[in-house]
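This is what each chain is made of:
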Amino acid sequence: MFDNLPSINLFPATVSEIFLNIAVALLCGLFIARLYKATYRGTGYSVAFTNSIVMLAMITAVVIMVIGNNLARAFGLVGALSIIRFRTAIKDTQDIVFIFFGLAMGLASGAGFHKIAIVGTLTVGAVLYFMSKSPLLTARHKEYLLQFACSSGGDNTALYMPIIEKYCKHHKVINVKSIEGHDLLELSYYVRFKDESFVRHFASHCYR
């Protein structure tokens, strides 16, 4: 009996169960993606990322159904997925939370635990939404992404740093790259203004 353990598949899914599991994963993924859009407070919202959350939930559900109760498939899948390398940098830690959120709901949906998937999506989603809207947990000042180009020859910090320091309470360099075909550097900063009313004055000052 134990010799046949790796090939045991106790509960083969029917066609209707497969569609139902994928449908539940789709609904949970759409809810999570919409929640991500509503709570996102970063500087570079990506539509592709929200679409990926939906597809991640559905694909995870399919993977769980493929594995079923078969140990050989489970270990084989781990070995197959180990060759995949994800090199896309995650800039915001909250993005990782939503990735695992979609992954967990896809696992529950694929395993047939629809109540866990639906209740878990609503409960965790409500907590995430409350945390994003609560004034006790959110920053008073928004953070903006500032990008501009300047000449790559010499030290030009004296030209733009006085303006940044005049209007911004906090600033941090996140990227510096050269523009091909031009003698220019593109600089990217995360900035936080001393007052939200300074945003318009800062923009008008920069366009002079």
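Every residue gets a number counted from 1 within its own chain, in the order that chain's sequence is written. Whole-chain, interface and lining totals are the exception, using all residues; otherwise, since this is a predicted model, local features are given only for residues with pLDDT of at least 70 and side-chain atom pairs are given and counted only at 80 or more. Hydrogens and waters are ignored; side-chain quantities use all the structure's heavy atoms.

### Section: helix α6 (residues 157-167)
Then, number 1: Within α6, the full set of buried residues consists of Tyr160, Met161, Ile164 and Tyr167. The buried residues of α6 occupy an angular sector of 145° when projected down its axis, which confines them to one face. For every residue, the accessible area obtained with a 1.4 Å probe (protein chains only) is divided by the maximum for its type, and the residue is called buried under 20%, exposed over 50%, and partly exposed between those limits. Secondary structure elements are defined from DSSP: runs of H or I of at least 4 residues count as helices, runs of E of at least 2 residues count as strands, and each element is numbered from the N terminus. Working definition: the arc comes from the directions between the helix axis and the C-beta atoms, pointing outward to the latter.

### Let's talk about the confidence of the model for the protein
Then, number 1: Considering every residue of the protein, the mean pLDDT works out to 76; 67% of them sit at 70 or more.
Then, number 2: Across the protein, element-level confidence peaks in helix α1 (residues 15-39) with a mean pLDDT of 92 and bottoms out in helix α7 (residues 198-206) with 59. Per residue, pLDDT measures the predictor's confidence, with a range of 0 to 100.

### Some details on α1
Then, number 1: Expected helix span is taken as 1.5 Å per residue step, with the number of steps being one fewer than the number of residues. Between the first and last C-alpha of α1 there are 36 Å, a value that for 25 residues agrees with the 36 Å anticipated at 1.5 Å per step.
Then, number 2: Contacts are residue-level and defined by heavy atoms, with any inter-residue pair within 4.5 Å sufficient. Residues of α1 that are buried make contact with α2 (47-67), α4 (93-110) and α5 (114-133).

### Brief notes about the side chain of Thr121
Then, number 1: Among the structural elements, Thr121 can be located in helix α5.
Then, number 2: Counting of polar contacts relies on pairs of N or O atoms within 3.5 Å, with two restrictions inside protein: one atom must be capable of donating a hydrogen and the other of accepting it, and residues adjacent in sequence are counted only when both atoms are side-chain atoms. A polar contact is formed between the side chain of Thr121 and the backbone oxygen of Ala117, at a distance of 2.6 Å.

### Some details on the nonpolar core
Then, number 1: One finds Ile32, Tyr36, Ile53, Phe98 and Phe101 to be the most contacted residues of the largest nonpolar core, which totals 14 residues.
Then, number 2: Mapped onto this core, the elements with two or more residues apiece are α1, α2, α4 and α5.
Then, number 3: No other element matches the 5 residues that α1 contributes to this core.
Then, number 4: Excluding residues within four positions of it along the chain, Phe101 makes contact with Ile32, Leu35, Gly120, Thr121, Val124, Gly125 and Leu128.
Then, number 5: Residue types Ala, Val, Leu, Ile, Met, Phe, Trp, Tyr and Cys, when buried and joined through side-chain atoms within 4.5 Å, form a set referred to as a nonpolar core. Core analysis: the second largest hydrophobic core is formed by 11 residues, Ile164, Tyr167, Val191 and Phe193 among them.

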